[in-house]
Amino acid sequence: MSGADFDAAVDELEGCIERCGDTIADTLHTDQGQTIGFIAERNSWTYVVHGDPGGNKHQFTVEFRFGVSNNIANILEPADVRDLLSLDSSTSINDQHLEDAAIEVLDSMRPANQEKFRYHLLQEICDSNTSYNFIETPGGGIEQFHISGDVYPGRSGFTQAEFARTVRSVISVGIRGVQFVATAFDFESVVDSQLDTDSPDLRYIQ
Amino acid sequence: MTKQREHAGERMIDDDPDQVNVLPFVDQKEARNQLVNRLESDDEDIVDIDTSDSYDFATELRSDFKSHLE
């Protein structure tokens, strides 16, 4: 597959996203300016489609990323951050402080709870049609989880239906993980009820 | 920071918050209170939604396996 073929595959994926009725929020580029993928939105959920022109040019990945620590960082108050990081009361809180404090929260969970959190999250996101990946905190907590599936737009036989099916699987499994996180932290009552959009097998948030 | 923490040997990712989903909180202050309550009760199980025996079984099995190796 040539560079031009890779670019054609990227164009094809752009069309696939639009035909799914999803919105392209941004475009991903290499440092040299080559388009390698897209950040897309379906309802309130974001997914990423990207390939690697220097790697397997046939393979593109559809990915749903969820940040456990990002959620915690979003709701911590400055006083919480100062407490968690033992900062002086005059310290101005920035994004790095928020991230560090959120990771501190995750790392301060007792090991048994960390282990159960991981175990049950795995139960939710293990799926034969998708892959998962964890990003861990230094203390072994789960900072992010990623759900992904591969599509091959440069190969014969690739269809819109295949792309749509992959996106649906990735988001559906991702939302199952999101629901578990919401339940584990007792957030069910404070999240938008639209959380359960277009997934028939959600279990916790009604 | 995130790039350094990702598992060795796996593809590097961009640490771009625009690519990361978060919960659609309708009340962030209440969410913060829920989080504090949850942390204060960290001696309780963080997950109490699954009452199946599978977790206990897996723990027991692993314990047995480790004993077998020792």
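As the structure is a computational prediction, the values presented were derived from the model and not from experiment.

## Brief notes about the packing of helix 2 (residues 68–75) of chain A against helix 2 (residues 28–40) of chain B
How two helices sit against one another is set out by the angle between their axes and by the gap between those axes. Running from N to C, helix 2 of chain A and helix 2 of chain B cross one another at 115°; their axes reach a closest spacing of 8 Å. The angle between helix 2 of chain A and helix 2 of chain B falls in the class roughly perpendicular. Relative to helix 2 of chain B, helix 2 of chain A is oriented so that their crossing is left-handed. Every residue of helix 2 of chain B that contacts helix 2 of chain A at Ile72(A), Asn74(A) and Ile75(A) is listed here: Gln28(B), Ala31(B), Arg32(B) and Leu35(B). For the contact of helix 2 of chain A with helix 2 of chain B, the residue count by class is 4 nonpolar, 2 polar and 1 charged.

## Here's the deal with the interface of chain A and chain B
The figure often quoted for interface size is the accessible area lost as the parts come together. Taken residue by residue, the interface counts 43 residues in chain A and 31 residues in chain B. Looking at the side of chain A that touches chain B, the elements with two or more residues in it are strand 3 (45–51), strand 4 (60–67), helix 2, helix 5 (111–125), strand 5 (131–136), strand 6 (142–151) and helix 6 (160–184) of chain A. Of the residues belonging to the side of chain A that touches chain B, the class tally is 22 nonpolar, 12 polar and 9 charged. Pairing analysis gives 2 bridges linking strand 4 of chain A to strand 1 (residues 20–21) of chain B, with the strands arranged parallel.

## Notes on the confidence of the model for chain A
Taken residue by residue, chain A gives an average pLDDT of 88. The fraction at 70 or more is 92%. Segment residues 197–206 of chain A is flagged for pLDDT under 50; beyond a separation of four residues in sequence, or across chains, it makes 18 contacts in the model.

## Side note on the environment of Thr166(A)
Residues and elements named next belong to chain A. Secondary-structure assignment places Thr166 in helix 6. The buried category is assigned to Thr166, around which 22 C-beta atoms lie within 10 Å. Along the chain, Thr166 and Ser131 lie 35 residues apart, while their C-alpha atoms are 11 Å from each other. The residues touching Thr166, leaving out its near neighbours within four places in the chain, are Val62, Gly149 and Val151.

## Topic: the pairing of strand 1 (residues 23–29) of chain A
Residue and element names in this part refer to chain A. The sheet contact formed by strand 1 and strand 2 (residues 35–42) spans 6 bridges and is antiparallel. Among the inter-strand pairings, Thr23 is bridged to a residue of strand 2, identified as Glu41. Between strand 1 and strand 2, which pair antiparallel in sequence order, lie 5 residues; one of them, Gly33, sits at a positive phi of approximately 95°.

## Considerations on helix 5 of chain A
Residue and element names in this part refer to chain A. Relative to the 21 Å expected for 15 residues at 1.5 Å per residue, helix 5 spans 21 Å between its end C-alpha atoms, a close match to the ideal helical length. Among the residues of helix 5, Gln114, Lys116, Phe117, His120, Leu121, Glu124 and Ile125 are the ones counted as buried. Looking straight down helix 5, one finds that the buried residues subtend no more than 165° of arc, so they occupy a single side.

## Thoughts on the packing of helix 2 of chain A against helix 4 (residues 95–108) of chain A
All names here are of chain A. At a minimum axis separation of 8 Å, helix 2 and helix 4 run at an interaxial angle of 115°. With respect to helix 4, the axis of helix 2 lies roughly perpendicular. At the point where helix 2 passes helix 4, the crossing takes the right-handed sense. On helix 4, the residues touching Val68, Ser69, Ile72 and Ala73 of helix 2 are Leu98, Glu99, Ala101, Ala102, Ile103, Val105 and Leu106. Classifying every residue of the contact of helix 2 with helix 4 gives 9 nonpolar, 1 polar and 1 charged.

Cut-off values and rules
Residues numbered from 1 in each chain as written. Chains lettered and ligands numbered in written order. Predicted model: local features only at pLDDT ≥ 70, side-chain atom pairs only at ≥ 80, totals over all residues. Axes fitted to C-alpha atoms, helices over the stretch in contact; angles between N-to-C directions. Helix = DSSP H or I, 4+ residues; strand = E, 2+ residues; numbered from the N terminus. Parallel < 35°, antiparallel > 145°, perpendicular 65-115°, else oblique. Left-handed = near helix turned anticlockwise from the far one by under 90°. Contact = placed C-beta atoms within 7 Å. Nonpolar A, V, L, I, M, F, W, Y, C, P; charged D, E, K, R; others polar. Pairing = 2+ DSSP bridges. pLDDT = per-residue confidence, 0-100. Buried ≥ 20, exposed ≤ 12 C-beta atoms within 10 Å, placed from the backbone. Expected span 1.5 Å × (residues − 1). Arc of directions from axis to C-beta.

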